[in-house]
Amino acid sequence: PSTYSTGLALLAMCSTEFVRDDLPLPSARKAELQVAFTAQLPSVVDLLSSLLAHAHEPSAAPGDAAIQSDLASCALRCLSVLVEWPAMAACLTAELCSNVFKVVQAAVRPGSETTMLPSGLAAIAVMTELMNRKCLPAQLEAFVLHVATQMCLVLESVCAVNKSSSTSSSSSSSSSSG
């Protein structure tokens, strides 16, 4: 687990380099590397989805929450790079989207730790990038319904946080004025 962040950073860097047009390699070698990486893309996306699935689970030790948040952020950074790959649309699954949204929900859940906030923002950025690049799966209607449903859950969480924040701040201001 201590090397996961480094491995994910290396994976993100390599995948960024492989899509560069100015990569200083012979075109045949560059094409070979891209084909090999594209063949592994479903496995990589499954791994990232698995890391994200565990990122929002409650942990027993306070240090574990920080490690989970760091891994989620690294996995999301890697995922945001992989969105640039043309083959990414074929790897996009409902499970991956659910796991990304669960990270967002964990970040906005009432009483959530502030260490999850950066990973929640990174998760929102990944979903935005997927939509901006029109990286959509073949089952478009089901995907759109799933994304809309998840967004509603996130909005409910945000409203609950705002409501609890305004209730606690109004009760503290009324007690201090009285």
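Residues numbered from 1 in each chain as written. Predicted model: local features only at pLDDT ≥ 70, side-chain atom pairs only at ≥ 80, totals over all residues. Heavy atoms only, no water.

A. The arrangement of the overall build of the chain in detail. A count of helices and strands for the chain gives seven helices and zero strands. Along the chain, from the amino end to the carboxyl end, the secondary structure elements read α-α-α-α-α-α-α. Per-residue burial for the chain yields a buried fraction of 36% across its 178 residues. Approximately 10,000 Å² of the chain is accessible, and the part contributed by carbon and sulfur atoms is 63%. (Helix = DSSP H or I, 4+ residues; strand = E, 2+ residues; numbered from the N terminus. Buried < 20%, exposed > 50% of the residue type's maximum accessible area, 1.4 Å probe, protein only. Areas by Shrake-Rupley, 256 points an atom, 1.4 Å probe, with all protein chains shown as cover.)

B. Structural context of the nonpolar core. By size, the foremost hydrophobic cluster in this structure holds 39 residues, and its most contacted members are Leu48, Leu52, Leu79, Leu82, Leu96 and Val100. Among the elements of the structure, helix H1 (4-19), helix H2 (27-55), helix H3 (62-82), helix H4 (88-91), helix H5 (94-108), helix H6 (117-132) and helix H7 (140-177) are those that each provide at least two residues to this core. Ranked by residues supplied to this core, first place goes to H3 with nine residues. Not counting residues up to four positions away in its chain, the partners in contact with Leu48 are Leu8, Ala75, Cys78, Leu79 and Leu82. (Core = buried A, V, L, I, M, F, W, Y, C linked by side-chain atoms within 4.5 Å. Contact = heavy atoms within 4.5 Å.)

C. Structural detail: the packing of aromatic side chains. Enumeration over the complete set of coordinates arrives at one aromatic pair. Where Phe37 meets Trp85, the ring centres are 4.8 Å apart and the plane angle is 35 degrees; that geometry is what we call tilted. One end of the pair, Phe37, is in helix H2; the other, Trp85, is in the loop between H3 and H4, and 48 residues separate them in sequence. Judged on exposure class, the residue Phe37 and its partner Trp85 are both buried. (Phe/Tyr/Trp six-rings, centres within 6.5 Å; stacked < 30°, edge-to-face > 60°.)

D. Focus on the environment of Thr6. Relative to the assigned elements, Thr6 resides in helix H1. Here the alpha-carbon distance between Thr6 and Cys74, two residues 68 residues apart in the chain, equals 8.6 Å.

E. Up close: the confidence of the model for the chain. Averaged over all residues, the pLDDT of the chain is 77; the fraction at 70 or higher stands at 77%. Across the chain, the element-wise mean pLDDT spans from 69 in H7 up to 87 in H2. (pLDDT = per-residue confidence, 0-100.)

F. Seen up close, H2. Here H2 spans 39 Å end to end across 29 residues, near enough to the 42 Å set by a 1.5 Å rise per residue. Largest kink in H2: about 45 degrees, centred on Leu41, with the proline Pro42 one to four residues after it. Looking at H2, one finds that the buried residues are Lys30, Phe37, Leu41, Val44, Val45, Leu48, Ser49, Leu51, Leu52, Ala53 and Ala55. (Expected span 1.5 Å × (residues − 1). Bend = angle between axes of the 7 residues up to and from the residue.)

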